[in-house]
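Working through the structure, step by step
So the chains spell out like this:
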Amino acid sequence: MEAIVLAGGRPDDPLARRFAVPGKCFVPFRGRPLVEHVLEPLAASGLTAVVVGPDQPLRPAPRLRLPDRGGMLENLEAALEVARSDKVLVATGDMPFLSAEAIRYVLGQAPKAGLVYCVVRKEEIERSFPGMRRTYARLREGSFTGGNVILLDKALFTSALGLARKVVAQRKNPLALAQMIGWGVLVKLLLGRLTIPELEARVSRMLGVPARALVVPFAGVGVDIDKEEDLVWLERSGA
């Protein structure tokens, strides 16, 4: 299996501007760009990588480097076109605590589906990174934060890209998103009554691709450096 690492970004991002780097995935952490903390465990797990982002020297070196196309879905689509394997692991390039053990867990435990989305329990995040703020969804099985690692069946997911673009285009329009998701599902989600199987079924119907969630017991999968507040937390905590 090959990995796609989404490391695009703009130099005017507040974090990138603070460190004078071409994008937030190249902000230094423990002496190395954030994206190298993702490439390292991928390589240790036996995966070659396609990196989408600025042309900067990286260790370990990816198999292929693609330029940023300006958006996450555009970057993903470009990488899918050149990925060698039928299934790919997709990761963002801003996870400083991703581990090879976590990657091997995902590869070994992932259910068979066109899309497998990793999630992490709130308790796991708070135990490993106390005080770090994350966004959680409250489901009947507990509270979860979205992970930054997914598995995709390349052929199946390519057919769903059109609808995925519509979802992204409407992400700041709650009414339009609610209509796409379904009011019944949305109300159950807001009340914390929605179950993981119900959510899987709804996403599968929306995308036309079998979708499953994988609860991952590794907090590093759910912790990214998305804004300056996250970096400040790292600096203060000494993590």
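The shown structure was predicted, so the numbers you read here are calculated from the model rather than taken from an experiment. (Residues numbered from 1 in each chain as written. Predicted model: local features only at pLDDT ≥ 70, side-chain atom pairs only at ≥ 80, totals over all residues. Heavy atoms only, no water.)

Let's talk about the overall build of the protein chain
Along the protein chain, the regular secondary structure elements total 11 helices and 10 strands. At 17 Å, the protein chain has a C-alpha radius of gyration in line with the 18 Å of a compact globule built from 239 residues. The principal-axis extent of the C-alpha atoms belonging to the protein chain is close to 50 × 40 × 35 Å. By residue count, 50% of the 239 residues in the protein chain fall in the buried class. Excluding contacts between residues fewer than 6 apart, the proportion of contacts in the protein chain whose partners are at least 24 apart in sequence is 69%. Accessible surface for the protein chain amounts to roughly 11,900 Å². Of this, 54% is attributable to carbon and sulfur atoms. The positive charge centre, built from 33 side chains, and the negative charge centre, built from 26, are 4 Å apart in the protein chain. (Helix = DSSP H or I, 4+ residues; strand = E, 2+ residues; numbered from the N terminus. Rg over C-alpha atoms; globule rule 2.2 N^0.38 Å. Buried < 20%, exposed > 50% of the residue type's maximum accessible area, 1.4 Å probe, protein only. Contact = heavy atoms within 4.5 Å. Areas by Shrake-Rupley, 256 points an atom, 1.4 Å probe, with all protein chains shown as cover. Lys, Arg positive; Asp, Glu negative; His and termini not counted. Charge placed at Lys NZ, Arg CZ, Asp CG, Glu CD.)

A closer look at the nonpolar core
Ranked by internal contacts, the top residues of the largest apolar core, which has 46 residues, are Val-5, Val-35, Leu-42, Leu-89, Val-106, Val-149 and Val-221. Those residues in contact with Val-106 that lie beyond four places of it in its chain are Leu-89, Cys-118, Val-149, Leu-151, Leu-214 and Val-216. Judged by nonpolar contacts, the second largest core, of 23 residues, contains Val-50, Ile-150, Leu-161 and Ala-164. (Core = buried A, V, L, I, M, F, W, Y, C linked by side-chain atoms within 4.5 Å.)

Some details on unusual backbone geometry
Of note, the amide linkage connecting Arg-59 to Pro-60 takes the cis form, showing an omega dihedral of -5°. Positionally, Pro-60 belongs in the loop between strand 4 (48–52) and strand 5 (64–66). Residue Ala-20 is not a glycine yet carries a positive backbone phi of 55°. Phi is positive for Arg-30, close to 55°, though the residue is something other than glycine. Looking at the secondary structure, you find Arg-30 in the loop between strand 2 (28–29) and strand 3 (32–33).

A few points about the confidence of the model for the protein chain
The share of residues in the protein chain with pLDDT of 70 or more is 94%, and the mean pLDDT across the chain is 89. Here helix 8 (residues 174–181) stands out as the element of the protein chain with the lowest mean pLDDT, 66, in contrast to helix 4 (residues 100–109), whose mean of 98 is the highest. (pLDDT = per-residue confidence, 0-100.)

Concerning the pattern of salt bridges
Applying the stated criterion across every chain yields a total of 12 salt bridges. With its nearest N and O atoms 3.0 Å apart, the salt bridge here joins Asp-12 to Arg-10. Taking relative accessible area as the criterion, Asp-12 reaches 40% and is therefore assigned partly exposed. Take Arg-10: its relative accessible area is 56%, and that puts it in the exposed class. With a shortest N-O distance of 3.2 Å, Arg-32 and Glu-40 are connected by a salt bridge. Judged by its relative accessible area of 23%, Arg-32 is partly exposed. Overall, Glu-40 belongs to the partly exposed group, its relative accessible area being 39%. When salt bridges with common partners are traced through the structure, they connect Lys-24, Asp-94 and Asp-226 into a single cluster. (Salt bridge = Lys/Arg side-chain N within 4 Å of Asp/Glu carboxyl O.)

Observations regarding helix 4
What helix 4 keeps buried is the set Ala-100, Ala-102, Ile-103 and Val-106. Down the axis of helix 4, the sector holding all buried residues measures 160°, keeping them to one side. More than 90 degrees from the buried face of helix 4, the exposed residues found are Glu-101 and Gly-108. In this structure, the buried residues of helix 4 make contact with helix 2 (36–44), strand 6 (87–92), strand 7 (115–121), strand 9 (142–153) and strand 10 (211–215). (Arc of directions from axis to C-beta.)

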